[in-house]
Amino acid sequence: MRIAILTSGGDAPGMNATIRAVTRTCIYEGIEVFGISGGYEGLIDAKFEKLVQSSVADIIQRGGTILSTSRSERFMTEEGLEKAINSLKIFEIDALIVLGGDGSLRGAKMLRDRGINVIGIPCSIDNDLAYTDFTIGFMTAVETVTEAISHIRDTTEAHCRANIVEVMGRECGDIALYSGVSSGAESIIVPEIPLDMNEIAEKAIMGKNRGKKHHIIIMAEGCGSAFDFAKEFEKFTGIDTRVTVLGYIQRGGAPSIFDRILASELGYLAVKEAKLGNSLALGFKDGIAIKMSFEEIFKIKKVFRHDLLDILKIVSI
Ligand code: F6P
């Protein structure tokens, strides 16, 4: 049997740990394993390389992806898709394992719809796939943001300022929400909840009146410009306000313990499922690994953790 693996879309800490688990499980099972470089772009151009034990040595702790990744527009065309399928046929691949976020798993489903055996593993810092509680990479990104905010808080407090910290996540507010709770930010602004300037400004003014010397607001990138918000906030509150756009610092770095363990478990299970001839997506729900059909995963609607936001509002004042 032959299995191929690719990483697609934005890289996520834990992708390498997943590649390692897939490769090592394949070798254990006597399956030949190929890495495809550059995501779906590399699949279209048939960039396959055989992976051996040493190909994945010393990568469990590394961010990024040794296979490289891409956002492939060609793959979205009929011609590109046909070429991709042809590459799999040329290399006599029995199953493809796709590591990526929402767009990448939709791509995996397109291949499955054309008769290819595909296993999807959710890897994204955004945590925007509804069927799984966590995507691989999300918790690491939250830890990175939390660490960065502790630095920002020091200087913000030293100057008695406010700081608007813009985080990634596209249309999903999970990075803002979870790092808001873990960093003790006073407010968060997320795409899932309408922005209420009065509420945010009032909280800041009350804090200032109580003698609070810093005010941290985390804004998800899907909510517009942090710089525009900062200007408005300064007008409303009279608090000297700065902006920090965390950017790509959130996407790199060593994966957290949680992400390494999840990556190892889902990578191992992906090979087991591929060996059975199944096509499905793997995830993590209520503390255990789960498998679900590609139809189901895209039917489930993401639920925003209002309960966690309520807690943040009470404990961060
Ligand atoms: O999907 C992960 C992510 O980091 C998003 O949070 C962000 O909006 C996007 O990728 C940036 O993508 P790119 O690096 O392709 O511009």
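The numbering scheme is per chain: residues are counted from 1 as the chain's sequence reads. The predicted origin of the model limits local features to residues at a pLDDT of at least 70 and limits the giving and counting of side-chain atom pairs to 80 or more, whereas totals for whole chains, interfaces and linings rest on all residues. Where side-chain values are given, they derive from all heavy atoms of the structure, hydrogens and water being excluded.

If you look the chain up in an unreviewed UniProt entry, it shows as 6-phosphofructokinase from Peptoniphilus porci. For the chain, the Catalytic activity (unreviewed entry) comment in UniProt is given as "beta-D-fructose 6-phosphate + ATP = beta-D-fructose 1,6-bisphosphate + ADP + H(+)". UniProt positions are given in the numbering used here, feature names are shortened, and annotations may be inferred rather than shown by experiment. For the record of the chain, the UniProt heading Pathway (unreviewed entry) holds the text "Carbohydrate degradation; glycolysis; D-glyceraldehyde 3-phosphate and glycerone phosphate from D-glucose: step 3/4."

Chemist: Just checking my understanding: could you explain the packing of helix α5 (residues 138-158) against helix α6 (residues 174-183) for this structure?
Modeler: Between two packed helices, the angle of one axis relative to the other and the distance separating the axes together describe the packing. Two elements in contact, α5 and α6, have axes separated by 9 Å at closest approach and are oriented at 50°. Overall, the two elements α5 and α6 adopt an arrangement that is oblique. For the pair α5 and α6, the sense of crossing is right-handed. Residues F138, A141, V142, V145, T146, I149 and R153 of α5 touch α6, and the partners they reach there are D174, I175, Y178, S179, S182 and S183. Where helices are involved, their axes are fitted lines through C-alpha atoms of the stretch in contact, as for all axes, and angles between N-to-C directions lie from 0 to 180°. Secondary structure follows DSSP: runs of H or I at least 4 residues long count as helices, runs of E at least 2 residues long count as strands, and numbering of each begins at the N terminus. Throughout this description, any angle smaller than 35 degrees is read as roughly parallel, any larger than 145 degrees as roughly antiparallel, any in the 65 to 115 degree range as roughly perpendicular, and the remainder as oblique. Crossing chirality is assigned from the near helix's rotation relative to the far helix, an anticlockwise turn below a right angle marking it left-handed and a clockwise turn marking it right-handed. Should any heavy atoms of two residues lie within 4.5 Å, those residues are considered in contact.

Chemist: Mind showing me how you'd approach helix α1 (residues 15-29) here?
Modeler: Within an α-helix, residues lying three or four positions from one another point in the same direction, as the helix has 3.6 residues per turn. Relative to the 21 Å expected for 15 residues at 1.5 Å per residue, α1 spans 21 Å between its end C-alpha atoms, a close match to the ideal helical length. Note on exposure labels: buried denotes an accessible area under 20% of the residue type's maximum, exposed denotes more than 50%, and partly exposed covers the range between, all computed with a 1.4 Å probe on protein chains only. Here α1 lies mainly inside the structure; 11 of its 15 residues are buried. The elements touched by buried residues of α1 are β1 (2-7), β2 (32-36), β4 (95-100), β5 (118-122) and α9 (257-275). Once α1 ends, the next one or two residues include G30, with phi positive near 75°. To estimate the expected span of a helix, subtract one from its residue number and multiply by 1.5 Å.

Chemist: Sorry if this is basic, but what is going on with the sheet that holds strand β10 (residues 280-285) here?
Modeler: By way of backbone hydrogen bonds, the strands of a sheet pair with one another, either parallel or antiparallel. Taken together, the 7 strands give an open sheet; going across it, the order is β3-β2-β1-β4-β5-β10-β11, and neighbouring strands pair in mixed fashion. At either end of the open sheet lies a strand with only one pairing partner, and these are β3 (48-50) and β11 (288-292). Direction aside, neighbouring strands of the sheet carry axes that sit 25° apart on average. For two strands to pair, DSSP has to find at least two bridges joining them. Examined bridge by bridge, β10 and β11 share 5 bridges and lie antiparallel to one another. Across the sheet, residue K285 finds its bridge partner in β11, namely I288. Set on the sheet, α9 makes contact with β1, β4, β5, β10 and β11; between it and β10 the angle comes to about 145°.

Chemist: I tried to follow the environment of T135 on my own but got confused; where do I start?
Modeler: By the element assignment, T135 lies in the loop between β5 and α5. In this structure T135 comes out as buried when scored by relative accessible area, which is 0%.

Chemist: Would you explain the pattern of salt bridges in this entry?
Modeler: Pairing between side chains of opposite charge can happen when their charged atoms approach one another. Throughout this description, the term salt bridge denotes a Lys or Arg side-chain nitrogen within 4 Å of a carboxyl oxygen of Asp or Glu. Overall, the coordinates contain 23 salt bridges when judged by the stated rule. Close ionic contact of E41 with R74 constitutes a salt bridge, the shortest N to O distance being 3.1 Å. Here E41, found in helix α2 (residues 39-44), pairs with R74, found in the loop between β3 and α3 (78-90); they are 33 residues apart in sequence, far enough to count as distant. Under the relative-accessibility criterion, R74 is labelled partly exposed at 32%. With a shortest N-O distance of 3.3 Å, K313 and E199 are connected by a salt bridge. On the criterion of sequence distance, the pair formed by K313 in helix α11 (residues 306-315) and E199 in helix α7 (residues 197-209) is long-range, its members being 114 residues apart. A relative accessible area of 36% places K313 in the partly exposed class. Given a relative accessible area of 40%, E199 falls into the partly exposed group. Taken together, the shared-partner salt bridges connect K109, R112, D113 and E295 into one network.

Chemist: Would you mind going over the packing of aromatic side chains with me for this structure?
Modeler: The geometry of an aromatic ring pair comes down to the distance between the two centres and the angle between the two planes. Each Phe, Tyr or Trp ring (for Trp, its six-membered ring) is paired with any other whose centre lies within 6.5 Å, and the angle between the two planes then decides the class: stacked below 30 degrees, edge-to-face above 60, tilted in between. Summed over the entire model, instances satisfying the criterion amount to 9 aromatic pairs. Between F134 and Y178 the ring centres are 6.1 Å apart and the planes differ by 80°, which places this aromatic pair in the edge-to-face class. Of this pair, F134 sits in the loop between β5 and α5 while Y178 sits in helix α6, placing them 44 residues apart in sequence. Accessibility assignment for this pair places F134 and Y178 in one class, buried. Measuring from ring centre to ring centre gives 5.6 Å for F258 and F284, while their planes differ by 80°; the resulting arrangement is edge-to-face. One end of the pair, F258, is in helix α9; the other, F284, is in strand β10, with 26 residues separating them in the sequence. Chaining the aromatic ring pairs together yields one cluster made of F134, F138, Y178, F258 and F284.

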